[in-house]
Amino acid sequence: MAEGLIHTIGKDHELRTPAPEDILDGIDGDVAVVMLTQVDYRTGRLHDMAAITQAAHAAGAVMIWDLAHSVGALPIGMAGSRAEFAVGCTYKYLNGGPGAPAFIHVRPDIAEEVEPALAGWLGHDAPFAMERSYRPAMSTERLRVGTPPVVQMTILDRALDVWEGVDMTDIRAASVRARRAVHRRGRAPLPRPHASPRNPGGRGSQVSFAFEYGYPAMQALIDRGVIGDFRAPDIKRFGFTPLYVDEADVLAAAETLETVIGEELWRDPKYQTRSRVT
Ligand SMILES: *Cc1c(COP(=O)(O)O)cnc(C)c1O
């Protein structure tokens, strides 16, 4: 997306993609925008939102957080960070289902200043007045382009009902407990160390294992009711949603992982053909 945007803007911006541990050092006066996924989709590494946003602002850059792996997974503290923007999806930890709408957050004090890249009719201040020219809505609404996906929004609305009265710090504590349990059991049979940071507070709500035969191993797991995903080149990734998944589920999944790896069930030829979605 950043490459495409740079191409569209046509002002010779440069896209830099430093390693996660080099992000802070890479933010200097040349940087216009820092765009970062708070929880690394591969390893689950959790970036320090406050420190990185502060560094971006000190360098005169705009901060955009991608919360795809944060929302519904951990307490975020968006308002406290003072970051200008955040985006994310609602089909991961919020379980909005396939095709669930994305979201954008704009810091309230700039919501009436930002200009949408695409000025669309439902971002108009009065879409049904059918005026000849565009006047942006005086809120985040202006970033809406067209008709929202109403069916998917309705499903998401129901998916969000279970969060009523839920404290994210309780969710976080349950996630830490579950991840500890799977780490203790799941690590043993794997030939290589796990890929996630060791400290549970330093990652999101996922556990990743690096394993050379990760793709067929994940297929073998899915075949046995343990559904995670595979991210090239070698990451097996499991997400934990404590509202839906309890410790017994987690231990059962870890046992299945032990069996699949220990008995090399992933060697079955039917797991070897890689599909488009991994
Ligand atoms: C899943 C995910 C998204 C969501 O992308 P969609 O195009 O809405 O599916 C965004 N950013 C990251 C890092 C993700 O992992």
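Conventions and cut-offs
- Residues numbered from 1 in each chain as written.
- Predicted model: local features only at pLDDT ≥ 70, side-chain atom pairs only at ≥ 80, totals over all residues.
- Heavy atoms only, no water.
- Pairing = 2+ DSSP bridges.
- Helix = DSSP H or I, 4+ residues; strand = E, 2+ residues; numbered from the N terminus.
- Axes fitted to C-alpha atoms, helices over the stretch in contact; angles between N-to-C directions.
- Domains from an automatic or database assignment.
- Contact = heavy atoms within 4.5 Å.
- Buried area = accessible area lost by both parts, 1.4 Å probe.
- pLDDT = per-residue confidence, 0-100.
- Near = heavy atom within 4 Å.
- Polar contact = N/O pair within 3.5 Å; in protein donor to acceptor, adjacent residues only side chain to side chain.
- Areas by Shrake-Rupley, 256 points an atom, 1.4 Å probe, with all protein chains shown as cover.
- Nonpolar A, V, L, I, M, F, W, Y, C, P; charged D, E, K, R; others polar.
- Salt bridge = Lys/Arg side-chain N within 4 Å of Asp/Glu carboxyl O.
- Buried < 20%, exposed > 50% of the residue type's maximum accessible area, 1.4 Å probe, protein only.
- Core = buried A, V, L, I, M, F, W, Y, C linked by side-chain atoms within 4.5 Å.
- Arc of directions from axis to C-beta.

## Thoughts on the sheet that holds strand β1 (residues 33–37)
- Across the sheet, four strands lie side by side as β1-β2-β3-β4; this open sheet has mixed pairing. The outermost strands of the open sheet, each flanked by one partner alone, are β1 and β4 (102–106). With strand direction ignored, the average angle separating the axes of adjacent strands in the sheet is 15°.
- Alignment of strand β3 (residues 85–89) against β4, held across five bridges, turns out to be antiparallel.

## Section: the domain arrangement of the protein
- Under the domain assignment, the protein is made up of domain 1 (2–101 + 148–161) and domain 2 (168–271).
- One C-alpha centre belongs to domain 1, the other to domain 2; they are set 24 Å apart.
- At the junction of the two partners, domain 1 supplies 17 residues and domain 2 supplies 22 residues.
- Counting each side, the surface lost to burial between domain 1 and domain 2 is near 1,500 Å², with a carbon and sulfur contribution of 58%.
- Of all residues in domain 1, the largest losses of buried area upon contact with domain 2 belong to Arg42, Thr43 and Tyr93, amounting jointly to 37% of the total for that side.

## What about the environment of Ala159?
- Its place among the elements puts Ala159 in helix α5 (residues 150–161).
- Sequence separation between Ala159 and Phe211 is 52 residues; the distance between their C-alpha atoms is 33 Å.
- Excluding anything up to four places from it in sequence, Ala159 contacts Leu94, Asn95, Gly96 and Tyr244.

## Focus on the confidence of the model for the protein
- Confidence in the prediction of the protein, expressed as mean pLDDT, is 91, and 96% of residues score 70 or more.
- Taken element by element, the predicted model of the protein shows its lowest mean pLDDT in helix α6 (residues 168–186) (82) and its highest in strand β2 (residues 62–66) (98).

## Let's talk about the site of the ligand
- In the vicinity of the ligand, the contacting residues are Thr37, Asp66, Ala68, His69, Cys89, Tyr91 and Lys92.
- Take Asp66: an N or O atom from its side chain is 2.6 Å from a nitrogen atom of the ligand.
- Here an oxygen atom of the ligand and a side-chain polar atom of Lys92 are 2.7 Å apart.
- With the chains in place, 56% of the 390 Å² that the ligand exposes on its own is no longer accessible.
- Its residues assigned to classes, the shell around the ligand comprises three nonpolar, two polar and two charged.

## Let's talk about the sheet that holds strand β5 (residues 206–210)
- Read from one edge of the open sheet, three strands run β5-β7-β6, paired in antiparallel fashion. Only two strands of the sheet have a single neighbouring strand rather than two, namely β5 and β6 (229–231). Strand-to-strand, the axes of this sheet are offset by a mean angle of 30°, without reference to chain direction.
- As paired elements, β5 and strand β7 (residues 235–239) share five bridges and run antiparallel to each other. Each residue of the ladder has a partner; that of Gln206, found in β7, is Gly239.

## With respect to the pattern of salt bridges
- Applying the stated criterion across every chain, the model contains 14 salt bridges.
- In this structure, Arg231 engages Asp229 in a salt bridge whose closest nitrogen and oxygen atoms are separated by 3.7 Å.
- Measuring nitrogen to oxygen at the nearest pair gives 2.5 Å for the salt bridge that ties Arg267 to Glu264.

## Quick notes on the environment of Ala111
- Within the element layout of this structure, Ala111 appears in the loop between β4 and α5.
- Ala111 sits in the buried class, given a relative accessible area of 8%.
- It is 22 Å that separates the C-alpha atoms of Ala111 and Ala59, two residues lying 52 residues apart in sequence.

## Structural notes on the nonpolar core
- Leu221, Phe238 and Phe240 are the most contacted members of the largest nonpolar core, which totals 23 residues.
- Secondary structure elements with two or more residues in this core: α6, β5, α7 (214–223) and α8 (247–262).
- No other element matches the six residues that α8 contributes to this core.
- Residues in contact with Leu221, not counting those within four places in the same chain, are Val226, Lys236, Phe238, Thr256, Leu257 and Val260.
- Of all hydrophobic cores here, the second largest spans 17 residues; its members include Val34, Ala56, Met63 and Leu67.

## A word on the pairing of β5
- Of all five residues in β5, five are buried; the element is thus mostly enclosed.
- Residue alternation in β5 divides its side chains into two sets, Gln206, Ser208 and Ala210 and Val207 and Phe209, and both sets are buried.

## A look at helix α3 (residues 49–58)
- The set of residues buried in α3 consists of Met49, Ile52, Thr53, Ala55 and Ala56. Buried residues in α3, looked at end-on, bunch into an arc of 160°, giving them a common side. Turned more than 90 degrees away from the buried face of α3 sit Gln54 and Ala58, all of them exposed.
- On its buried face, α3 sits against α2 (23–26), β1, β2 and α4 (78–81).
- By the N-cap criterion, in which a side-chain oxygen at the helix start approaches the backbone nitrogen of a residue two or three places on, α3 is capped by Asp48, the distance to Ala50 being 3.2 Å.
- Immediately beyond the C-terminal end of α3, within one or two residues, lies Gly60, with a positive phi of roughly 80°.

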